[in-house]
Amino acid sequence: MLHTLRNIVLRSFILFVILLSGQVQAAGMQEMQDALRTCQTEFAEDASRRLVCFDKVAEQYTPSRVVPPILAPSQQELVKSVGADTGYLSRKWHLNSQDELHFTDLETHQLNYLVTSYSNNPNDTPTSPSRPNTQDRGLGHNDLHFQISLKTQLMNLSDWLPKNQWVQSARLWGAYTQQSYWQVYNEQQSRPMRDHNYSPELILSLGLNKPAEESSWLNAMPDMLNLGLVHESNGRSQPLSRSWNRLYVQGGWQLNERYSLLVRPWWRIPESKSDNDNPDISKYMGYGDAILRWDNEANTTAASVTVRNNMRSDNRGYVKFDVQYKPLKSESVRFYAMLASGYGVSLLDYNQAQTMFGIGFAIGE
């Protein structure tokens, strides 16, 4: 709290000096006010980046004879960690221990999007070894497909860390993701909901320190390590019920300013035979996934590829390509396109291969 008040007082002092200097003319004052309003609009949902924007405006319009105050090291680290040019992993997971978050600060977890999608092989009669089914649902090829995915920090454990050279931050997150497939174009079947996938998670995220020596083999260690517990189900009754629970470890590497890599092996928590809706799901969904992401320098375009494989001789896998592009000045809304092919496009379709293409809009990153 004191840290936040100190930042506010510091920024207020800079603006006060600007107003008293007499060096800013009427036109310049109007430009400064416009710039401050832009900061308020562009980063309305991100207080940290909004304050960074205010700093830059203050620096631009401060008279040259005014010596800017020197930030304490902790303040310098905070500004660096939340800046627009910060790497994707640091932006997404707040790997700097001094990033200030609260329980009510909801953030995007996975991407939030709404797309019109087309599937070349809709699963009219979904079945599994433990849930036989003969009912044909008469599905169409097109869906209105959307995903809602949010997370919030439950606890910042960074201050509890013992002094060490390996871990710089620790945060416990709670997350929730929902995917829905709506047959809105299927008038013949009264536009049914084809499937919902519900996925709550608990995630312990650790920001790791890398050694300063460039030649050290320890530079291959990840920048981030996530330990997670995730449940996924579709909330349906038998024979369409599907669910599983997993423990996972996810390593994250910020390869450079533009590229990041996430690798996540998982272990399925065993279930009793009577409760197991999909006993062979690992044969299709595999034992982990990997995501390679690219961001352009201006942070207006991003592309990623996600892959899964069952690591078996029958080679049942999954690959997804997606692209985000920000055509407007809005910080949040982006044009979005996706192409997915393989097994497990949705949980109900875990054992049926199909190719799905979607185009629409996304929020966040």
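Note: the structure precedes this text.
Sequence positions are assigned chain by chain, starting from 1 and proceeding in written order. Totals for whole chains, interfaces and linings use all residues, but because this is a predicted model, local features are given only for residues with pLDDT of at least 70 and pairs of side-chain atoms are given and counted only at 80 or more. With hydrogens and water set aside, each side-chain value is computed from the structure's full complement of heavy atoms.

Caption draft 1: Expanded view of the pattern of salt bridges. Just to be clear on terms, a salt bridge is a Lys or Arg side-chain nitrogen sitting within 4 Å of an Asp or Glu carboxyl oxygen. Applying the stated rule across the entire model yields 13 salt bridges. Put simply, Arg246 and Glu232 hold a salt bridge, and the shortest N to O gap is 3.4 Å. Of this pair, Arg246 sits in strand β7 (residues 243–254) while Glu232 sits in strand β6 (residues 224–233), and the two are 14 residues apart along the sequence. Residue Arg246 is classed as buried on the basis of its relative accessible area of 6%. In this structure, Arg316 engages Asp314 in a salt bridge whose closest nitrogen and oxygen atoms are separated by 3.3 Å. Burial here depends on accessible area, computed with a 1.4 Å probe over protein chains only, as a share of the maximum for the residue type. Under 20% is buried, over 50% is exposed, and the range in between is partly exposed. According to the relative accessible area criterion, Arg316 is partly exposed, its value standing at 23%. What makes Asp314 partly exposed here is its relative accessible area of 38%. Secondary structure follows DSSP: runs of H or I at least 4 residues long count as helices, runs of E at least 2 residues long count as strands, and numbering of each begins at the N terminus.

Caption draft 2: Inspection of empty space enclosed by the protein at higher detail. A pocket here means an open set of points on a 1 Å grid, computed over the protein atoms alone, that has protein on both sides within 12 Å along at least five of seven lines. A cavity is instead a set of points where a 1.4 Å probe fits but cannot get out; residues with an atom within 4 Å of a point line either one. Grid points are joined across faces, edges and corners, and a volume is the space filled by probe spheres set on the points. Scanning all chains against the criterion turns up two cavities of 30 Å³ or more. For the largest cavity, the calculated volume is near 1000 Å³. Forming the walls of the largest cavity are 46 residues, and the residues nearest its centre are Gln110, Gln147, Arg264, Asp289 and Ile291. Here the nonpolar group is Ala, Val, Leu, Ile, Met, Phe, Trp, Tyr, Cys and Pro; Asp, Glu, Lys and Arg are the charged ones; every other residue, Gly included, is treated as polar. Residue composition of the lining of the largest cavity, by class: 19 nonpolar, 16 polar and 11 charged.

Caption draft 3: A nonpolar patch on the surface, seen in detail. What goes into a patch is any residue over 30% in relative accessible area without a salt bridge, connected to like charges within 9 Å or, for nonpolar side chains (Val, Leu, Ile, Met, Phe, Trp, Tyr), within 5 Å. Residue burial considers only the protein chains on display, and all accessible areas are found by Shrake-Rupley using a 1.4 Å probe. Residues Phe103, Leu154, Met155, Trp160, Leu202, Leu229, Leu247 and Trp267 make up a contiguous nonpolar surface patch of roughly 840 Å² in combined accessible area. Summarising the element assignment, Leu229 is placed in strand β6.

Caption draft 4: Representation of the pairing of strand β5 (residues 193–208) within the structure. The pairing criterion is simple: DSSP has to find at least two bridges between the two strands. Where strand β4 (residues 167–182) meets β5, 15 bridges bridge the pair, whose relative direction is antiparallel. The residue of β5 that forms the bridge with Trp173 is Ile203. Note: β5 against β6, eight bridges, orientation antiparallel. Residue pairing for β6: Gly207 is matched across the bridge by Met224.

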